[in-house]
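# Observations on chain architecture
Each chain, letter by letter, is given below.
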Number of protein chains: 2
Amino acid sequence: MPDRGNGQVNDPVPAGYIAPGAMAEYMTDDWGFFVRSARQYERFSSPYQTVEVHDSVSFGKLFRLDGAFMTSEKDEFFYHENLVHVPAIAHPQPERALIVGGGDGGSAEELLKHPSIRSVTLAEIDLAVVDVARKYLQTVHRGALDDPRLTLRIEDGFAFVRNDRSQYDLIVLDLTDPGGPSKPLYTTDFYRACAARLTPTGAMTLHIASPVASPERIRANVASLRDAFPVVAPYLVSVPLYGGLWMMACCAHELDPRLVTPLIVERRLAHRQIADLQYYNGDTHRAAFALPNFVKKLVA
Amino acid sequence: MPDRGNGQVNDPVPAGYIAPGAMAEYMTDDWGFFVRSARQYERFSSPYQTVEVHDSVSFGKLFRLDGAFMTSEKDEFFYHENLVHVPAIAHPQPERALIVGGGDGGSAEELLKHPSIRSVTLAEIDLAVVDVARKYLQTVHRGALDDPRLTLRIEDGFAFVRNDRSQYDLIVLDLTDPGGPSKPLYTTDFYRACAARLTPTGAMTLHIASPVASPERIRANVASLRDAFPVVAPYLVSVPLYGGLWMMACCAHELDPRLVTPLIVERRLAHRQIADLQYYNGDTHRAAFALPNFVKKLVA
């Protein structure tokens, strides 16, 4: 990325002008971030949400849903590697996985790196997300959406989980924020439905919110998870296009990823021949669970 | 902070309009973040830089130098606790400390929490920074600038270090980014001058840049540090008003903070009766040194 440095004077902006074509995302009412669109490929309304695809210099192609940055070619690994490998490496031999949401294929791509994985079911409500991913985000999914081990279901994730009779070693909730169609999937009811789909030694991960911008949402959400799972392990990752620190959680009947040492992580990565990760390693696995004091208080 | 959520549609901005009075800071040419000023208290040019003080809803009072966010009441702890306690706790009994820059008093305030500290010398080039801190940033320095153990020197940090004959257990480089008056203090020459001021068991910390936005600056800077110190321990903290992940480094003749376990950190915090930290604890100390793969490659 071009290194601009901070030597430039950035005036307060009387009329709020930042740059032509800047896409803004608000963390709070008065704080947010922006990326300038170098080119707009798509902008339309699906039955569920506004879908946009843009190109950018700093992040490559990126897509937004209802104005929130979802995925970009260059920063997706922060999110997907930590959402997927934290539970997948903690599990000694994951075979069957379910992704709810994740139609961009980024989580599927990471899951399919584990050679014990025999099937991935992906339940995405919005076909438009899958379509734009196939068309524009090849470097994010790398063909995972069409992998023979993956079964794509275009349907509501809550209905799918409630009606399904399978059990999974790994469940990944790769959802939009709760302001839109995902809202019912941030409830104790849904989490209990997921817990019923999880094997005794399985693990489920999800992302939640920024502990800086949305502490109350985190407090409430972790409480809902604790109503559904005996083990709830919150963890933090700093994601560039989410504005910084972002909370995730790994939930299970028994499996506790905090008990998996850096050595075990490195051995499993080597044994599974997973050698191309840009972020995740044994040290970062353990480090993710190190909560700053203000976050500890939030999830106590 | 008010929880806005991401349910709002944020349109791409044709004329770049974000919000009245938004202060923007660029990470790269096309990516950055903004905070809306609720009130401007100060904006003037000192002999060295443009100085601004604003109020904001999300971050309280904040100040900027040459358009870059330096410190805010509500996020300063991310930066100051990690810049100071990582070396100060690693040192078994720090007595004499030097801060270069840091005129806002935030680093001094953290240092003075360690009961073994008998003197802090603060060499700040710009009296204006100290003046605005005294006037507006009480919650950041909490009176540290006027503590009897602190000696304030208004002078160029490089000249001070070169002419000084003292040795320090801790040196904290609490500088602006290298685009302005700090530029000469990001060189091997300056680092060697600092190394000469450091006791054999002492440690020096500094902050560097974003590994996402400015990887080349990090590579170059770590190389300069390695030309001056046998031990260079890079570490990462996610700082809200720096746009996310930010690299720091702890440098020494011998002391290696990576060898200080979480247990030792917790024991020393308890022994020193430091109980009010919002971020730093034994787990986060160790976690800061866990580098994602792409960062490991950068500092290899």
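First things first, this report covers the structure right here in the doc. (Residues numbered from 1 in each chain as written. Chains lettered and ligands numbered in written order. Predicted model: local features only at pLDDT ≥ 70, side-chain atom pairs only at ≥ 80, totals over all residues. Heavy atoms only, no water.)

On to the overall build of chain A, then. A count of helices and strands for chain A gives 10 helices and 14 strands. Scaling as 2.2 N^0.38, a compact globule of 300 residues should have a C-alpha radius of gyration of about 19 Å, and chain A matches this with 19 Å. Among the 300 residues that make up chain A, the fraction classed as buried is 67%. Summing over all exposed atoms, chain A offers an accessible surface of approximately 10400 Å²; the carbon and sulfur share of this is 49%. Side chains of chain A give 30 positive and 36 negative charges; the mean places of these two sets differ by 3 Å. (Helix = DSSP H or I, 4+ residues; strand = E, 2+ residues; numbered from the N terminus. Rg over C-alpha atoms; globule rule 2.2 N^0.38 Å. Buried < 20%, exposed > 50% of the residue type's maximum accessible area, 1.4 Å probe, protein only. Areas by Shrake-Rupley, 256 points an atom, 1.4 Å probe, with all protein chains shown as cover. Lys, Arg positive; Asp, Glu negative; His and termini not counted. Charge placed at Lys NZ, Arg CZ, Asp CG, Glu CD.)

Moving on: the sheet that holds strand 4 (residues 39-45) of chain B. All names here are of chain B. The strand order across the open sheet formed by 4 strands is 4-5-6-7, and the pairing between neighbours is antiparallel. This sheet does not close on itself; its edge strands, each paired only once, are strand 4 and strand 7 (68-72). Each strand axis lies, on average, 20 degrees off the axis of its neighbour in the sheet, ignoring direction. Relative to strand 7, strand 6 (residues 60-65) runs antiparallel, the two sharing 4 bridges. (Pairing = 2+ DSSP bridges. Axes fitted to C-alpha atoms, helices over the stretch in contact; angles between N-to-C directions.)

Looking now at the packing of aromatic side chains. If you walk through the whole model with that rule in mind, you get 26 aromatic pairs over all chains. Summarising the aromatic geometry, the rings of Phe-78 of chain A and Phe-294 of chain B are spaced 5.4 Å apart at their centres and angled 70 degrees between planes, so their arrangement reads as edge-to-face. You can see Phe-78 of chain A sitting in helix 1 (residues 76-90) and its partner Phe-294 of chain B sitting in helix 10 (residues 293-299), one on each of two chains. Each residue in the set Phe-77, Phe-78 and Tyr-279 of chain A together with Phe-294 of chain B is aromatic and connected to the rest through ring pairs, giving one cluster. Here Arg-64 of chain B stacks its cationic end above the ring of Phe-69 of chain B, 5.2 Å away from the centre of that ring. We note Arg-162 of chain B situated over the ring of Phe-158 of chain B; from NZ or CZ to the ring centre the distance is 4.5 Å. (Phe/Tyr/Trp six-rings, centres within 6.5 Å; stacked < 30°, edge-to-face > 60°. Lys NZ or Arg CZ within 6 Å of the ring centre and 35° of its normal.)

All names here are of chain A. Counted according to the given criterion, the structure contains 26 salt bridges over all chains. With its nearest N and O atoms 3.9 Å apart, the salt bridge here joins Lys-135 to Glu-42. Taken together, the positions of Lys-135 in helix 3 (residues 127-136) and Glu-42 in strand 4 (residues 39-45) put the pair 93 residues apart, joining distant regions of the chain. One network of salt bridges, in which partners are shared, links Glu-109, Glu-110, Lys-113 and Asp-276. (Salt bridge = Lys/Arg side-chain N within 4 Å of Asp/Glu carboxyl O.)

This brings us to the environment of Leu-173 of chain A. Residue and element names in this part refer to chain A. You can see Leu-173 is positioned in strand 11 (residues 168-174). It is 4.7 Å that separates the C-alpha atoms of Leu-173 and Leu-206, two residues lying 33 residues apart in sequence. Not counting the four nearest positions on each side in its chain, Leu-173 is found in contact with Leu-83, Val-100, Phe-190, Tyr-191, Cys-194, Met-204, Thr-205, Leu-206 and His-207. (Contact = heavy atoms within 4.5 Å.)

Right, let's talk about the nonpolar core for a bit. Grouped together as the largest cluster of nonpolar side chains are 212 residues, with contacts concentrated most on Leu-173, Tyr-191 and Phe-229 of chain A together with Leu-173, Tyr-191 and Phe-229 of chain B. Ala-22 and Ala-24 of chain A together with Tyr-26 and Phe-34 of chain B belong to the second largest nonpolar core, which has 8 residues in total. (Core = buried A, V, L, I, M, F, W, Y, C linked by side-chain atoms within 4.5 Å.)

In terms of burial, strand 3 (residues 31-36) of chain A is largely enclosed, as 5 of its 6 residues are buried. Direction of pairing for strand 2 (residues 22-26) of chain A relative to strand 3 of chain A: antiparallel, over a ladder of 5 bridges. The partner of Glu-25 of chain A across the bridge, within strand 3 of chain A, is Phe-33 of chain A. When strand 3 of chain A meets strand 3 (residues 31-36) of chain B, the two strands line up antiparallel, connected through 5 bridges. The residue bridging Val-35 of chain A from the neighbouring strand is Trp-31 of chain B, located in strand 3 of chain B.

All names here are of chain B. Taken in spatial order, the 7 strands line up as 10-9-8-11-12-14-13 in an open sheet, and their pairing is mixed. Edge strands, defined here as strands with exactly one partner in the open sheet, are strand 10 (150-154) and strand 13 (231-239). If you compare each strand with its neighbour and ignore which way they point, the axes differ by 15 degrees on average. Two strands pair when backbone bridges link them, and strand 8 (residues 96-101) and strand 9 (residues 119-124) are joined in this way by 5 bridges, in the parallel orientation. Residue Ala-97 lies in a different strand from strand 9, and its bridge partner there is Val-120.

Burial analysis of strand 7 (residues 68-72) of chain A places 5 of its 5 residues in the buried class, the great majority of the element. Hairpin connection between strand 6 (residues 60-65) of chain A and strand 7 of chain A: a loop of 2 residues separates the two successive antiparallel strands, and Asp-66 of chain A in this loop has a positive phi of roughly 50 degrees.

Time to look at helix 3 of chain A. Taken residue by residue, helix 3 of chain A has Ala-128, Val-129, Val-130, Val-132, Ala-133 and Tyr-136 of chain A as its buried positions. In this structure Asp-126 of chain A caps helix 3 of chain A, since a side-chain oxygen of it lies 3.0 Å from the backbone nitrogen of Ala-128 of chain A. (Polar contact = N/O pair within 3.5 Å; in protein donor to acceptor, adjacent residues only side chain to side chain.)

Residue and element names in this part refer to chain A. Along the chain, Asp-156 turns up in the loop between strand 10 (150-154) and helix 5 (157-163). Since its relative accessible area comes to 32%, Asp-156 is described here as partly exposed. Each C-alpha atom, one on Asp-156 and one on Val-172, is 15 Å from the other, the two residues being 16 residues apart in sequence. Apart from the residues within four sequence positions on either side, Asp-156 is in contact with Ile-125 and Leu-185. One polar contact links the side chain of Asp-156 to the main-chain amide nitrogen of Phe-158, over a distance of 3.1 Å.

Below, the discussion takes up the environment of Leu-259 of chain B. Relative to the helices and strands, Leu-259 of chain B resides in the loop between strand 14 (244-252) and helix 8 (262-271). Placed 202 residues apart in sequence, Leu-259 of chain B and Val-57 of chain B show a C-alpha to C-alpha distance of 40 Å.

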